[in-house]
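Letter by letter, the chains look like this.
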Amino acid sequence: MKALITGITGQDGSYLAELLLSKGYDVHGIYRRSSVETFERIEHIRDRLHLVCADLTDEASLLRALSSIRPDEVYNLAAQSFVPASFEQPFLTGDVTALGALQVLEAVRHVDKGIKVYQASSSEMFGKAVEVPQKETTPFYPRSPYGVAKVYAYWIAKNYRESYGMFCANGILFNHESPRRGKQFVTRKITDSVAKIKLGLQEVLHLGNLDARRDWGFAGDYVEAMWLMMQRDAPDDFVVATGEAHSVREFCEIAFSHVGLDYRKYVVTDRRFFRPAEVDALIGDAGKARKMLGWKPKVPFNALVTMMVDADMERHKGERIS
């Protein structure tokens, strides 16, 4: 089997690449040209990957990649995925996250409609959720340009599935974290700061809404659900979540206490980090995935938080020594 991953240098892309390699896949990945190399997350497996430079906003480069690789499966994970940045750069977010998904689908349609496509959808599509928990039939109410862009990508994937008979599966993934999470995301911002504060490299941590609640799981578990969706005979849409909601405050409490600190002494609420349109609570119902895919999360919330703290502690200890 041959797979092509867009966004292979990201958190999900790196875990998915590891999983597919473990299953004997020939793994190809698309990366964007930039002035600074961003292969840190895949450096340990880079010699086993086939990397090609292309861009979701450049149709010709996608067509060339697909035509030369001829994959069995395409996993479209690439996106401008940082919600706060989507308010600052809404056009870029729409271009990459929404129309980029269309570019992938169009390239597949022209090269080989038999190629299976996984589209990375997001719990941010639910936004101001109209029911709790959220499942596949819950109406979308996005509250950010990112969420809106993901809704477009979700529906265009379904449209190509129904219009052209293509295998297009949507994975509606709720928040999933790991030590490879980007430092701009709140979970990694917390664990990185905890390590710095414990080691005397930082004094306080500025955060936005501490009462925002999210359904947080481990990214390594969630990429397995992506793969399982692609092994089915027919495409479908699945919510992937733990079914548990925890607040940013809880995340802080566990992270700080893991290194013997009281978060209340170090965390400062800062209005600059509140969203223009806040999403207060997201919690997913992955019952369909459990029943039809046989998938369930393995890493519990507390273990996820402490895993991330330990990784950042180890990294900063090394930096301080060097």
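Just so we're clear, the structure is a prediction, and the values are computed from it rather than from any experiment.

Conventions we followed
- Residues numbered from 1 in each chain as written.
- Predicted model: local features only at pLDDT ≥ 70, side-chain atom pairs only at ≥ 80, totals over all residues.
- Heavy atoms only, no water.
- Helix = DSSP H or I, 4+ residues; strand = E, 2+ residues; numbered from the N terminus.
- Buried < 20%, exposed > 50% of the residue type's maximum accessible area, 1.4 Å probe, protein only.
- Contact = heavy atoms within 4.5 Å.
- Pairing = 2+ DSSP bridges.
- Axes fitted to C-alpha atoms, helices over the stretch in contact; angles between N-to-C directions.

**Description of the environment of Met-307**
Secondary-structure assignment places Met-307 in helix 10 (residues 301–321). Residue classification places Met-307 among the partly exposed residues on the basis of a relative accessible area of 27%. Met-307 sits 116 residues away from Thr-191 along the chain, and the two C-alpha atoms are 9.4 Å apart. Here Met-307 is in contact with Pro-179, Phe-218 and Val-299, once residues within four sequence places are set aside.

**Topic: the sheet that holds strand 2 (residues 26–31)**
In space, the 7 strands of this open sheet follow the order 3-2-1-4-5-6-11, with parallel pairing throughout. Each of the sheet's edge strands pairs with one partner strand only, and the pair in question is strand 3 (50–53) and strand 11 (237–240). Here the strands of the sheet are splayed against their neighbours by 20° on average, with no regard to which way each runs. For strand 2 and strand 3, the ladder comprises 4 bridges, and the chain directions are parallel. Paired with Tyr-31 across the bridge in strand 3 is Cys-53. Together, strand 5 (116–122), strand 6 (168–173) and strand 11 form the strand contacts of helix 5 (residues 145–164), whose direction differs from that of strand 6 by roughly 150°.

**Section: the environment of Gly-29**
Within the secondary structure, Gly-29 sits in strand 2. The buried category is assigned to Gly-29, whose relative accessible area is 0%. Along the primary structure Gly-29 and Gly-13 are separated by 16 residues, whereas in three dimensions their C-alpha atoms are 8.5 Å apart.

**Describing unusual backbone geometry**
Cis rather than trans, the peptide bond between Val-132 and Pro-133 has omega equal to -5°. Position of Pro-133 relative to the elements: it lies in the loop between strand 5 and helix 5. Look at Arg-70: it is not a glycine, yet its phi comes out positive at around 50°. Checked against the element boundaries, Arg-70 lands in the loop between helix 2 (59–69) and strand 4 (73–76).

**A word on the side chain of Gln-119**
Checked against the element boundaries, Gln-119 lands in strand 5. Of the residues examined, Gln-119 reaches a relative accessible area of 5% and is grouped as buried. Once residues within four sequence positions are removed from consideration, Gln-119 is found in contact with Asn-76, Ala-101, Lys-150, Ala-153, Ala-157, Ala-169, Asn-170 and Gly-171.

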